[in-house]
Amino acid sequence: MSTAMNFGAKNFKPRPPDKGAFPLDHFGECSASKERFMECLRRNDFQSGACRELSMAYLQCRMERQLMANEPLEKLGFKDLIDEKSEAKPEKS
């Protein structure tokens, strides 16, 4: 009877994640950044939009320590934050 139930089931083909696997932070190199981000989420009822700068800092930490592949921050969804920072810096003459 169990074979009849599986007759119409489609074969599942697993695929790797889009960004690939990345190592865990076993040595806690970015734990301070992660904790600041998590605290911000808790203070803001887990609305991540309020914590985007901390999220960006955490991802930068991971990239600097080869805990994830280097990606342009613009590609990770932080283009608006980068543009704001570049506009806030005074130009050198």
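How each quantity is defined
- Residues numbered from 1 in each chain as written.
- Predicted model: local features only at pLDDT ≥ 70, side-chain atom pairs only at ≥ 80, totals over all residues.
- Heavy atoms only, no water.
- UniProt positions renumbered as here; feature names shortened; annotations may be inferred.
- Helix = DSSP H or I, 4+ residues; strand = E, 2+ residues; numbered from the N terminus.
- Expected span 1.5 Å × (residues − 1).
- Bend = angle between axes of the 7 residues up to and from the residue.
- Disulfide = S-S within 2.5 Å.
- Buried < 20%, exposed > 50% of the residue type's maximum accessible area, 1.4 Å probe, protein only.

Where an unreviewed UniProt entry is consulted, the protein chain appears under the name Cytochrome c oxidase assembly protein COX19, with the organism given as Cairina moschata. In UniProt, the protein chain has this text filed under Sequence similarities (unreviewed entry): "Belongs to the COX19 family."

Chemist: Describe helix α4 (residues 74-88), and please don't skip the residues or the numbers.
Modeler: A rise of 1.5 Å per residue sets the reference length of α4, with its 15 residues, at 21 Å; its end C-alpha atoms lie only 17 Å apart and thus fall more than 12% short of the reference. Of all the bends found along α4, the most pronounced is centred on Asp80 and spans about 45°.

Chemist: Before we move on, could you go through the state of the cysteines and cite the residues and values that matter?
Modeler: By the definition in use, this model includes 2 disulfides. Here Cys30 is linked by a disulfide to Cys61, with a sulfur-sulfur distance of 2.1 Å. The S-S bond linking Cys30 to Cys61 shows a torsion near -95°; that makes this disulfide left-handed. Placement of Cys30 in the loop between α1 (2-6) and α2 (31-43) and of Cys61 in helix α3 (residues 52-64) is noted, with a sequence separation of 31 residues between them. Here Cys30 matches Cys61 in class, with each residue buried. At a sulfur-sulfur separation of 2.1 Å, the disulfide partner of Cys40 is Cys51. Measuring handedness by torsion sign, the sulfur bridge of Cys40 and Cys51 sits at about -90° and is left-handed.

Chemist: Can you tell me about the UniProt feature "domain: CHCH" (unreviewed entry) in the protein chain, naming the residues and giving the values?
Modeler: Per the UniProt entry, the sites bearing "domain: CHCH" (unreviewed entry) are residues 30-64 in this numbering. Annotated as 74% helix and 0% strand, the span residues 30-64 places its first and last C-alpha atoms 10 Å apart.

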